[in-house]
Every structure is written in C-alpha cells, then in structure tokens.
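# Architecture and fold: a report
The residues making up each chain are set out below.
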Amino acid sequence: MPIAPQRRACGRTLLVAGVVTSLALLAGCAKSENDSKGGDSASQRSDSGQVVASPSSGTGPTCAIDAYGGKKLDLKSATVGFSQSEKEANPFRIAETASIKAEAGRRGVKLLTANAQSQFSKQISDVQDLIAKGADLLVIAPLNSDGWEPVLRTAAARHIPIVTVDRKINATACKDYVSFIGSDFVEQGRRAADRMIAATGGNGEIAILLGAAGNNVTTERTKGFEDRIKAKAPGLKVVFRQTGDFAREKGQSVTENLIQSKPGIKAIYAENDEMGLGAVNALKGAGKKPGEVKIVTVDGTRNAVQGIVDGWIDGGIESNPRFGPLAFQTLDAFTQGRKVAQDIVIQDSAYSEANAKSDLGKAY
C-alpha cells in the first residue's frame with residue numbers, strides 16, 4: 001500500500017447514484033451507548049470524514065425503493081435502529097457508534113441502539129428487538145457475514161430497509177438489504193503489502209495476525225496482502241498465520257508464541273491496529289527494539305499512529321469508521337425514492353513516518 005501524507009483513493013470507483021457527487025462528510029463524538037434522539041455533535045472535524053472513492057455518475061448497480069419494496073417516508077419522522085457488533089473497547093467501534101449518534105442528533109432523528117458485545121447470537125436478537133421496538137430503518141455493523149436469515153426474513157416482511165456498514169452480509173443487495181458502505185478491504189491488503197515490501201526490502205520471513213474468522217474483512221485483507229506479496233516480492237515468505245480475533249490481548253499472546261516458534265521473524269502484518277499494538281507489547285516484553293521487527297497494520301487509531309511516531313510500527317492503512325453522515329444520507333435518499341448504490345466504497349488515507357506526527361490529530 002503506497003503511503004503518502006495526502007489522502008488517496010483506493011483505486012476502486014463505485015456509484016452513489018442520486019446520493020452524492022462529492023462527499024466530505026463529518027462525524028462527531030458521543031459518550032454513551034443508550035437509546036437516544038441523537039448524540040453529541042461537538043468535535044466534528046472536516047479532515048476526518050468519509051469520502052466516497054472517486055464518485056461518478058451512471059455506473060454500478062443501484063437500488064430504489066420500488067425494487068426493494070416498502071414505501072417512501074420522511075427520515076425526520078422515522079425511527080432508525082443501529083446494531084453495533086463488538087464491545088466498545090476497540091477505538092474503531094467507539095468512533096463508529098459516536099458517528100452514528102452524532103449524525104442522528106444533527107438530523108433530529110430518533111435513534112435506537114444496541115451492542116452485541118461480540119456475540120453473534122445476541123446481535124441477531126438485538127436486531128429483532130430493534131424491529132419490535134418500532135425501527136423503520138436499520139443500520140447494522142455485522143459481526144459475521146453469515147447467519148442473518150432470521151433478521152432478513154423479519155425485515156422483509158415489514159419492508160424495513162437495511163444498510164450495512166464496515167462488513168458485508170452474505171445476502172442479495174436490493175433484495176435482502178439496500179446498500180453496503182465500507183472500505184475496499186482487498187485494496188487495503190494490497191496497500192499493506194506494498195508498505196511491507198518497502199519496509200523489509202522484499203526479503204525475509206513474515207507473519208500474519210489474522211482478524212476474526214467468519215467475516216469478509218479478514219478474508220479480503222488477507223487475499224489482498226498475500227496476492228500482492230506473491231506478485232511483487234517472492235522473497236518475502238509468509239511462515240506464520242494465526243487469528244488474533246481483532247483483539248489486542250490475543251494479538252499479544254499470539255505474537256509471544258510467534259517469537260518463540262519463529263525467532264528469525266522479520267515482520268508482522270496485523271489485520272487491525274489492536275492486534276498490532278498487542279504485537280508491540282509482546283516485542284517489548286521480549287526485549288526487542290523499535291523497528292527490529294517491522295509491523296504494518298490497518299485501521300488508523302490514535303494509539304497505532306503514535307506507535308508509528310515512536311518507531312514501533314512502520315506503517316498503517318486507514319479504515320475510516322465515521323459512517324454516520326454517509327449512512328444517513330443514503331437512507332434519506334432511498335426513502336425519498338431516489339436510487340442509491342448497492343456498494344458504496346470509501347477512500348482511506350494512510351500513515352507513515354512521513355506524516356504520522358503531523359496527522360496524529362486526524363486519527364481516532
């Protein structure tokens with residue numbers, strides 16, 4: 001992944017037909033996970049919002065309310081349910097929920113929230129409960145990609161539009177759900193590989209700390225990384241793969257085992273920042289020095305960017321969690337009868353030694 005101070009498009013262009021021609025959207029901060037009329041929209045920053053990757057007009061599959069089913073409604077009079085997937089110990093999830101709440105508050109939309117606490121069975125029951133409480137529209141951050149049939153059947157029976165953010169569900173767009181909003185995860189993997197090649201000189205043994213099983217983010221970040229390494233740096237050998245479940249503690253314990261079993265390891269690709277920070281803790285505990293083992297991560301959290309400043313992490317690929325403005329803009333356009341894209345891909349920035357210190361304030 002090429003690292004540069006400026007924002008760069010992922011190279012993938014998808015339509016947000018009738019919704020956006022150009023986006024520089026903002027999201028703020030909120031503190032609680034309670035049901036609300038919205039969130040605290042203070043602390044919004046123009047340099048931190050999501051931007052659609054090279055939006056254009058007239059291409060890409062779209063969805064409209066007449067094809068999906070249901071009826072037009074005024075978003076201001078609707079109730080929106082938001083289902084968060086994971087415990088809010090991860091800065092990505094904190095920022096994601098804050099962004100949804102802030103945008104609901106800015107628009108004066110009634111918002112119901114639920115957190116599955118990293119339990120998929122709870123997330124299914126959470127969404128069923130949001131529907132029972134009267135949610136007219138749903139924004140879901142899925143824990144897993146499979147297993148959503150009970151929710152999809154209930155939502156379809158009531159013609160409830162669903163937008164998924166960050167992760168996809170394995171279902172049919174414009175039939176089971178309206179749109180997916182998120183990053184190009186394969187491209188994130190490619191960009192991480194490019195950074196890894198630059199950091200290592202393209203030679204040596206490397207390890208991958210895999211994300212959680214069962215979702216498209218892990219699969220696609222792995223594919224992008226490994227395909228790029230094979231194509232551009234055959235001298236880099238992946239000799240270790242193990243899941244760290246996107247968690248700092250697990251990333252640390254896996255890296256501790258890695259150091260014992262593969263003492264000559266040259267670099268680590270962590271598929272999110274939390275696992276990367278866990279790897280840093282393990283390396284410190286083993287007496288390693290900053291930069292002795294190269295680490296490339298994905299997310300762009302403040303702690304990881306600080307790790308770049310401090311020399312422990314070589315580079316980070318942003319995965320922007322501030323979905324609120326774009327999610328609500330998509331729902332608003334859809335419920336007014338306008339076409340929206342089935343896949344809305346955002347562009348992500350990147351952090352390196354060159355810009356980490358100056359751009360630390362943009363991290364979340």
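Just above sits the structure.
Below is a summary of the structure that appears in this document. Computed from a prediction, not measured in an experiment: that's the story for all the values here.

From N to C terminus, the protein chain includes ten helices and 15 strands. The contacts of the protein chain with a sequence gap of at least 6 include a subset with a gap of at least 24, amounting to 79%. Carbon and sulfur atoms make up 47% of the accessible area of the protein chain, which amounts to about 13900 Å² in all.

With that settled, the discussion passes to the environment of threonine 97. Mapped onto the elements, threonine 97 comes out in helix 2 (residues 91-107). With a relative accessible area of 2%, threonine 97 lands in the buried category. Threonine 97 sits 17 residues away from alanine 114 along the chain, and the two C-alpha atoms are 10.0 Å apart. At a separation of 3.0 Å, a polar atom in the side chain of threonine 97 contacts the side chain of glutamine 84.

This part takes up the packing of aromatic side chains. A complete count under the given rule lists five aromatic pairs for this structure. Ring centres 5.7 Å apart and planes at 85° place the aromatic pair tyrosine 68 and phenylalanine 334 in the edge-to-face group. Within this pair, whereas tyrosine 68 is found in helix 1 (residues 65-68), its partner phenylalanine 334 is found in helix 10 (residues 324-335), the two being separated by 266 residues in sequence. With respect to burial, tyrosine 68 and phenylalanine 334 carry one shared label: buried.

Taken together, the seven strands give an open sheet; going across it, the order is 1-14-7-6-5-3-4, and neighbouring strands pair in mixed fashion. The two strands at the open ends of the sheet, each matched to only one other strand, are strand 1 (51-52) and strand 4 (110-115). Where strand 7 (residues 179-182) meets strand 14 (residues 343-347), three bridges bridge the pair, whose relative direction is parallel. When the bridges of strand 14 are listed, phenylalanine 180 appears paired with aspartate 343.

Across its 13 residues, helix 3 (residues 120-132) extends 19 Å between first and last C-alpha, which sits within 8% of the 18 Å expected from 1.5 Å per residue. Packed against the buried residues of helix 3 are strand 3 (79-84), strand 4, strand 5 (137-140) and helix 4 (149-157). Remark: glycine 134 follows helix 3 within two positions and exhibits a positive phi of approximately 105°.

Here we take up the environment of alanine 67. Within the fold, alanine 67 resides in helix 1. For the pair alanine 67 and lysine 175, spaced 108 residues apart in the sequence, the C-alpha separation amounts to 7.9 Å.

Locating threonine 164 in the fold gives a position in strand 6 (residues 162-165). Assessed through its relative accessible area of 1%, threonine 164 is described here as buried.

Here the structure, examined in full by the defined rule, presents one disulfide. Disulfide partner of cysteine 63: cysteine 174, at an S-S distance of 2.1 Å. One disulfide, between cysteine 63 and cysteine 174, carries an S-S torsion of 80° and so falls in the right-handed class. One end of the pair, cysteine 63, is in strand 2 (residues 62-63); the other, cysteine 174, is in the loop between strand 6 and strand 7, and 111 residues separate them in sequence. Of the two residues examined, cysteine 63 and cysteine 174, each falls in the buried class.

In this structure, Leu138, Trp148, Ile162 and Ile268 are the most contacted members of the largest nonpolar core, which totals 59 residues. Here the element with the most residues in this core is helix 8 (residues 273-285); it accounts for six residues. Beyond its immediate sequence surroundings of up to four residues, isoleucine 162 is in contact with Tyr68, Leu138, Ile140, Leu152, Ala155, Asp176, Tyr177, Val178 and Ser179. Formed by 26 residues, the second largest nonpolar core is a distinct cluster that contains Ala78, Phe92, Leu111 and Phe328.

About the criteria used
- For every chain, the first residue of the written sequence is number 1, and numbering continues from 1 onward in sequence order.
- Residues qualify for local features only when their pLDDT is at least 70, as the model is predicted, and side-chain atom pairs are given and counted only at 80 or more; totals for whole chains, interfaces and linings, by contrast, use all residues.
- Working from all heavy atoms in the structure, the side-chain values ignore hydrogens and water.
- Numbering of helices and strands runs from the N terminus; a helix is a DSSP stretch of H or I covering at least four residues, while a strand is a stretch of E covering at least two.
- Pairs of residues are marked as contacts when any of their non-hydrogen atoms sit within 4.5 Å.
- Surface accessibility follows the Shrake-Rupley procedure with a 1.4 Å probe radius. Residue values consider only the protein chains on display as shielding.
- For every residue, the accessible area obtained with a 1.4 Å probe (protein chains only) is divided by the maximum for its type, and the residue is called buried under 20%, exposed over 50%, and partly exposed between those limits.
- Polar contact is defined as a pair of N or O atoms within 3.5 Å, subject to the rule that within protein one atom must be able to donate a hydrogen and the other to accept it, and that residues adjacent in sequence are counted only when both atoms are side-chain atoms.
- Centres within 6.5 Å are what make two rings of Phe, Tyr or Trp a pair, Trp counting through its six-membered ring; a difference in plane orientation under 30 degrees is then read as stacked, over 60 as edge-to-face, and the rest as tilted.
- DSSP-based pairing: two strands are paired if at least 2 bridges between them are found.
- How far a helix is expected to stretch is found by multiplying one less than its residue total by 1.5 Å.
- Note on disulfides: each one is a pair of cysteine sulfur atoms within 2.5 Å.
- Here the nonpolar core consists of buried residues drawn from Ala, Val, Leu, Ile, Met, Phe, Trp, Tyr and Cys, with membership extended through side-chain atoms lying within 4.5 Å.

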